[in-house]
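Coordinate analysis (summary)
Below, each chain spelled out in residue letters.
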Amino acid sequence: MKNKKDNIVLIGMPGVGKSTIGVVLAKVLGYQFIDADLVIQEQTGRLLKDIIAEDGIEEFIKTENRINASICPKNAVIATGGSVVYGKEAMEHLSQIGTVIYLQLELPALSRRLGSLKKRGVVLKEGQTLKDLYEERIPLYEKYADIIINEHHCTIQKTVGKIVKELEE
């Protein structure tokens, strides 16, 4: 296995299935599963959408960055929030402790999956569309990714299979 690091870190847009795929991948590998968004909610005692609504996007990004930079598991699959790539310290830390896998999905498929962005606690600036967000984040996901998995026409099992295959090569 080329994965010399202890963990696997899943990054990508909201709605690509980081949490769902993460749970299945963790079972397949015999790893623990950590949802970074739930860690943030647990440590702050608040829902993500409430942090964004009450403190604003900048404060949310700082909180997300700080908490993600402190996650230190062994043998875990970590599903991050879509905005994790805005946190330099968090991404440097996660890159050191794990193999970063970018789950890639085209915009039309993503749009169909997502529904309401506000209800999901997605970090959207005033007047920003999903397309704007997508175009802003893609270069960041690609910059930090050790492995890119395209999920086009993939089931959860097929995506997990692709990941496992990549890790073994």
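That block above? That's the structure.
Residues numbered from 1 in each chain as written. Predicted model: local features only at pLDDT ≥ 70, side-chain atom pairs only at ≥ 80, totals over all residues. Heavy atoms only, no water.

1. Some details on the environment of Lys88
- Structurally, Lys88 can be placed in helix H5 (residues 88–97).
- For Lys88 and Arg66, which are 22 residues apart along the polypeptide, the C-alpha to C-alpha distance reads 9.9 Å.
- Discounting residues that sit within four places of it in the chain, Lys88 has contacts with Asn65 and Tyr144.
- Within the structure, the side chain of Lys88 is placed 2.6 Å from the side chain of Glu92, a separation counted as a polar contact. (Helix = DSSP H or I, 4+ residues; strand = E, 2+ residues; numbered from the N terminus. Contact = heavy atoms within 4.5 Å. Polar contact = N/O pair within 3.5 Å; in protein donor to acceptor, adjacent residues only side chain to side chain.)

2. Digging into the pattern of salt bridges
- Under the criterion given, the structure shown has nine salt bridges.
- Residue Lys49 is joined to Asp50 by a salt bridge in which the shortest nitrogen-to-oxygen separation is 4.0 Å.
- The partner of Glu136 in a salt bridge is Lys125, with the nearest N and O atoms 3.2 Å apart. Within this pair, whereas Glu136 is found in helix H8 (residues 130–144), its partner Lys125 is found in the loop between helix H7 (117–120) and H8, the two being separated by 11 residues in sequence. (Salt bridge = Lys/Arg side-chain N within 4 Å of Asp/Glu carboxyl O.)

3. What about the pairing of strand S1 (residues 7–11)?
- The buried fraction of S1 is high, at five of five residues.
- Burial along S1 is two-sided: the residues Asn7, Val9 and Ile11 and Ile8 and Leu10 are all buried.
- Here five bridges tie S1 to strand S4 (residues 98–104), and the two strands are oriented parallel to one another. From the neighbouring strand, Ile11 faces S4, where its bridge partner is Tyr102.
- Judged from the three bridges that link them, S1 and strand S3 (residues 76–79) form a sheet pairing that is parallel. If you follow Val9 over to S3, its bridge partner there is Ile78. (Buried < 20%, exposed > 50% of the residue type's maximum accessible area, 1.4 Å probe, protein only. Pairing = 2+ DSSP bridges.)

4. A few points about the side chain of Asn65
- One can find Asn65 in helix H4 (residues 57–68).
- Look at Asn65 and you get buried, because its relative accessible area is 14%.
- Setting aside anything within four residues of it in sequence, one finds Asn65 in contact with Gly87, Lys88, Glu89 and Ala90.

5. Some details on the environment of Gln157
- On the secondary structure map, Gln157 appears in helix H9 (residues 156–168).
- Taking relative accessible area as the criterion, Gln157 reaches 57% and is therefore assigned exposed.
- For Gln157 and Val77, which are 80 residues apart along the polypeptide, the C-alpha to C-alpha distance reads 16 Å.

6. Overview of helix H2 (residues 36–44)
- Residues Ala36, Val39 and Ile40 constitute the buried set of H2. Buried positions in H2, seen along its axis, are confined to an arc of 100° and lie on one side of it.
- Summarising the contacts, the buried residues of H2 are in contact with strand S2 (32–35), helix H3 (48–55), H4 and S3.
- Of the residues one or two after H2, Gly45 is the one with positive phi, at around 70°. (Arc of directions from axis to C-beta.)

7. Quick word on the pairing of strand S5 (residues 147–150)
- Side-chain alternation along S5 places Ile147 and Ile149 on a buried face and Ile148 and Asn150 on a face that remains uncovered.
- One ladder, built from four bridges, connects S4 with S5; its direction is parallel. The residue bridging Tyr102 from the neighbouring strand is Ile148, located in S5.

8. What about unusual backbone geometry?
- The phi angle at Asn75 is positive, at roughly 55°, despite the residue not being glycine.
- Within the element layout of this structure, Asn75 appears in the loop between H4 and S3.
- The class for Asn75 is partly exposed, based on a relative accessible area of 38%.
- Unusually for a residue other than glycine, His153 sits at a positive phi of about 60°.
- For His153, the position within the fold is in the loop between S5 and H9.

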